[in-house]
Amino acid sequence: DAGVIQSPRHEVTEMGQEVTLRCKPISGHNSLFWYRQTMMRGLELLIYFNNNVPIDDSGMPEDRFSAKMPNASFSTLKIQPSEPRDSAVYFCASSPFGTDTQYFGPGTRLTVL
Amino acid sequence: QQQVKQSPQSLIVQKGGIPIINCAYENTAFDYFPWYQQFPGKGPALLIAIRPDVSEKKEGRFTISFNKSAKQFSLHIMDSQPGDSATYFCAASIAGGGADGLTFGKGTHLIIQP
């Protein structure tokens, strides 16, 4: 299996622009998680889905952040408008039903100038 | 509020030594405690995990010790090797890692010197 796929791997944008991060979970996994990693705050859970349904979005920092999972093989995390403090590495992870292990993707490094 | 506190932030150990990383949690509803290993430029990967019904779990050179009454758990790496140099994160969740998000510690940057 190819593992969790994230795109783009690197994104540089200017403040105020819309940013869309993409994730393809491992086939057959029914839970999907979005995390953000920064030096100051470490790894933080933003939102997670079970069977394409958002379960907990309490970690989403502001209304500027939104996430969707239109089907079992695709999810997006959108930031609109982006700000320099959004600069971080964003990870997507997936997990199969009935197990505890979360499999992380390689991450998207976002830089907002 | 930091629900999982991890220490130390960084650790340097000679090859063959036993690095120990400690974590403490606050939420007594947590019932799944994994450790993740992350290499530069990569996503975290599960190393070993424990549930509170046991006090110790060993997988290869990696051991988790768990103290439910103290709300603490630790990772020990036996016969450490330079290839173990990475950042290690402890984490916790309420419903298990597959059905619930993970709350991570801040991480420990481990260097094993040859």
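Residues numbered from 1 in each chain as written. Chains lettered and ligands numbered in written order. Predicted model: local features only at pLDDT ≥ 70, side-chain atom pairs only at ≥ 80, totals over all residues. Heavy atoms only, no water.

Participant: I keep staring at the overall build of chain A and nothing clicks. Help me out?
Facilitator: A tally of helices and strands in chain A yields zero helices and 11 strands. Shown N-terminal to C-terminal, the secondary structure of chain A runs as helices and strands in the order β-β-β-β-β-β-β-β-β-β-β. Expected size for 113 residues packed as a compact globule is a radius of gyration near 13 Å; at 13 Å, chain A falls within 12% of this value. Oriented by its inertia axes, the alpha-carbon framework of chain A measures out at about 40 × 25 × 25 Å. (Helix = DSSP H or I, 4+ residues; strand = E, 2+ residues; numbered from the N terminus. Rg over C-alpha atoms; globule rule 2.2 N^0.38 Å.)

Participant: Explain the interface of chain A and chain B here, please?
Facilitator: How big an interface is tends to be stated in terms of accessible area lost as the parts join. Counting from both sides, the interface comprises 21 residues of chain A and, opposite them, 19 residues of chain B. Across the chain A/chain B interface, buried area totals approximately 1,500 Å², and carbon plus sulfur atoms make up 50% of it. The largest share of the area that chain A buries against chain B comes from A:Leu43, A:Asp100 and A:Phe104, three residues that together contribute 37% of it. There are one salt bridge connecting chain A and chain B. A salt bridge links A:Asp100 to B:Arg51, with the shortest nitrogen-to-oxygen separation between them at 2.8 Å. Put simply, the parts of the chain that give the side of chain A that touches chain B at least two residues each are strand S4 (31-38), strand S5 (42-50) and strand S9 (88-95) of chain A. (Contact = heavy atoms within 4.5 Å. Buried area = accessible area lost by both parts, 1.4 Å probe. Salt bridge = Lys/Arg side-chain N within 4 Å of Asp/Glu carboxyl O.)

Participant: It is not clear to me how the side chain of B:Ser74 should be interpreted in this structure. Could you clarify?
Facilitator: All names here are of chain B. By the secondary structure assignment, Ser74 is in strand S8 (residues 72-77). By relative accessible area, Ser74 is classed as buried at 9%. In this structure the side chain of Ser74 is engaged in a polar contact, spanning 3.2 Å, whose partner is the side chain of His76. Discounting chain neighbours no more than four positions away, the residues touching Ser74 are Ile20, Ile21, Asn22, Trp35, Thr63, Ile64 and Ser65. (Buried < 20%, exposed > 50% of the residue type's maximum accessible area, 1.4 Å probe, protein only. Polar contact = N/O pair within 3.5 Å; in protein donor to acceptor, adjacent residues only side chain to side chain.)

Participant: Before we go on, may I ask you to explain the environment of A:Arg64 in this structure?
Facilitator: All names here are of chain A. Within the secondary structure, Arg64 sits in the loop between strand S6 (53-56) and strand S7 (65-71). Exposure remark for Arg64: the relative accessible area of 10% places this residue in the buried category. Taking the C-alpha atoms as reference points, Arg64 and Glu83, separated by 19 residues in sequence, lie 9.5 Å from one another. The residues contacting Arg64, other than those within four sequence positions of it, are Lys78, Ile79, Gln80, Pro81, Ser82, Glu83, Arg85 and Asp86. For Arg64, the side chain forms a polar contact with the side chain of Asp86, separated by 2.7 Å.

Participant: Help me understand the state of the cysteines in this model?
Facilitator: Think of a disulfide as a covalent bridge from one cysteine sulfur atom to another cysteine sulfur atom. Applying the stated criterion across every chain yields a total of two disulfides over all chains. Covalent S-S linkage joins A:Cys23 and A:Cys92, the inter-sulfur distance amounting to 1.9 Å. When the S-S torsion is -65°, as for the bridge of A:Cys23 with A:Cys92, the disulfide is left-handed. Within this pair, whereas A:Cys23 is found in strand S3 (residues 19-24), its partner A:Cys92 is found in strand S9, the two being separated by 69 residues in sequence. Of the two residues, A:Cys23 and A:Cys92, neither departs from the other in class, the shared state being buried. The residue that forms a disulfide with B:Cys23 is B:Cys90, at a sulfur-sulfur distance of 1.8 Å. For the disulfide bridge between B:Cys23 and B:Cys90, the dihedral angle about the S-S bond is near -90°, and by the sign convention the bridge is left-handed. (Disulfide = S-S within 2.5 Å.)

Shape is all these values report; function is a separate question.
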